[in-house]
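# Fold and contact review
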Amino acid sequence: QVQVVESGGGLVQAGGSLRLSCAASGDTFSRYTMGWFRQAPGKERELLAAIKWTGDLTYYADSVRGRFTISRDNAKNTAHLQMNSLKPEDTAVYYCAARRLDIALMTSYGYDYWGQGTQVTVSS
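Described below are features of the structure shown in this document. (Residues numbered from 1 in each chain as written. Predicted model: local features only at pLDDT ≥ 70, side-chain atom pairs only at ≥ 80, totals over all residues. Heavy atoms only, no water.)

## Things to note about the nonpolar core
What counts here: Nonpolar cores are built from buried Ala, Val, Leu, Ile, Met, Phe, Trp, Tyr and Cys residues. Side-chain atoms within 4.5 Å join them into one set. Exposed residues in this analysis have more than 50% of their type's maximum accessible area, buried residues have under 20%, and partly exposed residues fall in between, with area computed by a 1.4 Å probe over protein chains only. In this text, helices come from DSSP runs of H or I with a minimum length of four residues, and strands from runs of E with a minimum of two, each type numbered from the N-terminal end. Residue contacts are defined here by distance: any two heavy atoms, one from each residue, within 4.5 Å place the two residues in contact.
Core analysis: the largest hydrophobic core is formed by 30 residues, its most contacted members being M34, W36, F68, L81, M83 and Y94. Counting only elements with at least two residues in this core, the list comes to β1 (2–7), β3 (18–26), β4 (33–39), β5 (46–51), β7 (68–73), β8 (78–83), β9 (92–99) and β11 (118–123). In contact with L81, not counting residues within four places along its chain, are L18, R19, L20, W36, L48, A49, F68, T69, I70 and Y94. Membership of the second largest hydrophobic core comes to seven residues, among which are F37, L47, Y95 and L105.

Set out below in structure tokens:
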């Protein structure tokens, strides 16, 4: 098992940037695909980005491609989501998640380990 804890959320004006971090502990971090999700009130949870355990393959949802960047540092057991050009519609609770399944990055299936979430609020 792996435990993950997010940090870095907050309040930012439209057009600004935030960098979310995900610290992992427990099992070998480098075995896990890492994903970032978000959920806004009244909406379904959405997979935003994922990065393969090797770090060389990534996936982005259309809603964030070109604005968000996912990365990982297996030596430090951390993953990050750099968010630029933020919009009010990016307001949500953001979650980091981990899965052992080595399947297509675009699928949201199989994430077994979740953080508690961090609030991101983008003001207009």
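## Quick look at a nonpolar patch on the surface
Applicable threshold: Only residues whose relative accessible area exceeds 30% and that form no salt bridge enter a patch; like-charged residues are grouped when within 9 Å of one another, and nonpolar side chains (Val, Leu, Ile, Met, Phe, Trp, Tyr) when within 5 Å. What sets the accessible areas is the Shrake-Rupley method with a 1.4 Å probe; for residues, cover comes only from the shown protein chains. Any Lys or Arg side-chain nitrogen located within 4 Å of an Asp or Glu carboxyl oxygen qualifies as a salt bridge.
The grouping of L101, I103 and Y109 at the surface amounts to a nonpolar patch, some 290 Å² of accessible area in total. Positionally, Y109 belongs in the loop between β9 and β10 (113–114).

## Some details on the pairing of β1
Condition: Any two strands are treated as partners once DSSP identifies two or more bridges connecting them.
Burial along β1 is one-sided: V2, V4 and E6 are buried, while Q3, V5 and S7, pointing the other way, are not. In the sheet, β1 pairs with β3 via six bridges, with the strands oriented antiparallel. If you follow E6 over to β3, its bridge partner there is C22.

## Describing the state of the cysteines
Where we set the bar: Defined by distance alone, a disulfide is two cysteine sulfur atoms within 2.5 Å.
Counted according to the given criterion, the structure contains one disulfide. Note that C22 is cross-linked by a disulfide to C96, the S-S spacing being 2.0 Å. Between C22 and C96, the disulfide has an S-S torsion of -75 degrees and is therefore left-handed. Residue C22 is found in strand β3, and its partner C96 is found in strand β9; the two are separated by 74 residues along the sequence. Among the residues examined, C22 registers a relative accessible area of 1% and is labelled buried.

## Things to note about the pattern of salt bridges
Per the counting criterion, the structure on display carries seven salt bridges. One salt bridge in this structure joins D90 and R38, with 2.8 Å as the shortest N-O distance. Of this pair, D90 sits in the loop between β8 and β9 while R38 sits in strand β4, placing them 52 residues apart in sequence. Assessed through its relative accessible area of 8%, R38 is described here as buried. Between D102 and K52 there is a salt bridge, with the nearest N and O atoms lying 2.7 Å from each other.

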